[in-house]
Amino acid sequence: MSLKKCACIDTLYTELEWKDRFLAARNDGFAAVEFWDWRIRDLDETKEMAEKAGIAISGFNGDADYSLVDPAQKDDYLEDLKRSLEAAAKIGASSVTIHSNALGEGGIVVDHYDNLSHTVKLCAMYDTLKSCAKMAEEAQINLHLEALNVTTDHVGNFLQFTQMGAEICRLIGSPRLKLLYDVYHMQLNEGCICDTICNYGDQFGHIHVADAPGRHEPGTGEINYKKVIRCLEEVGYTGYIGYELFPLKDTKTAVKAIMEV
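What comes next is a walk through the structure. These numbers were taken from a predicted model, which means no experiment stands behind them. (Residues numbered from 1 in each chain as written. Predicted model: local features only at pLDDT ≥ 70, side-chain atom pairs only at ≥ 80, totals over all residues. Heavy atoms only, no water.)

Moving on: unusual backbone geometry. Note that the residue after A212, namely P213, is joined by a cis bond; omega there is -5 degrees. Here Q140, not a glycine, exhibits a phi torsion of approximately 60 degrees, which is positive. Mapped onto the elements of the fold, Q140 is located in the loop between α4 (118-139) and β5 (142-146). Although it is not a glycine, R215 adopts a positive phi angle of roughly 65 degrees. Mapped onto the elements, R215 comes out in the loop between β7 (204-209) and α8 (225-234). Residue classification places R215 among the buried positions, given a relative accessible area of 11%. (Helix = DSSP H or I, 4+ residues; strand = E, 2+ residues; numbered from the N terminus. Buried < 20%, exposed > 50% of the residue type's maximum accessible area, 1.4 Å probe, protein only.)

Counted by the stated rule, this structure contains 8 aromatic pairs. Ring plane angle 90 degrees and centroid distance 5.3 Å describe the contact between W18 and F35, whose orientation is recorded as edge-to-face. Remark: F35 occurs in strand β2 (residues 32-37) and W18 occurs in helix α1 (residues 18-27); sequence separation between them is 17 residues. Centre to centre, the rings of Y181 and F204 are 4.6 Å apart; their planes meet at 5 degrees, and the pair counts as stacked. (Phe/Tyr/Trp six-rings, centres within 6.5 Å; stacked < 30°, edge-to-face > 60°.)

This is the structure in structure tokens:
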């Protein structure tokens, strides 16, 4: 079985204009595209270009200014997510990605919430996620909760480990709330990739791929991606493999490596 490949067009094809990235990805063999911030994009143009190219839109980030871990921000977070779900429906995207903490320019964690205890953060995230899941069910859009590395790119992020995210998703039990397992982030935070896939793969709704260290294409770092993909297939994963990586040289070279995995 060959898992469906998805290109993040905020990191791949950046040498092209936005409107040209959809067809380029399709011509290279990707089944879908994803991107980061829908708020800075022309949604009508984005939908039109994807339809013309004949490529699906997997999703985009659905949160920005508010955090799941802050109980005082619950209402604002949900209102912001509502707009993101509406944007996803407008362009035909199948999912929205969410995070524990608000992220600023370059993915920096805006607030580490050192004033809140671990218990408060965890309970607030669980409580707000239950409401998020209900909204996603009503909108018929999938939510993907992503844990991030705290060693290199997102210092201070609360959700760091697969176990916490997967177990919260299991407890809530919504078919519309799953974990986004980012292999790059989790290699930096916890390692044990294949064991983690075996233990929690039933809760994965989307996969992100980049090699580590460096966050470049497969083959540039230490991760055995052929083994990782086989492991995902063995646990029955059928979603997209999203290539959210920065080409070491250029997109053409990176895509060649991607298609060989």
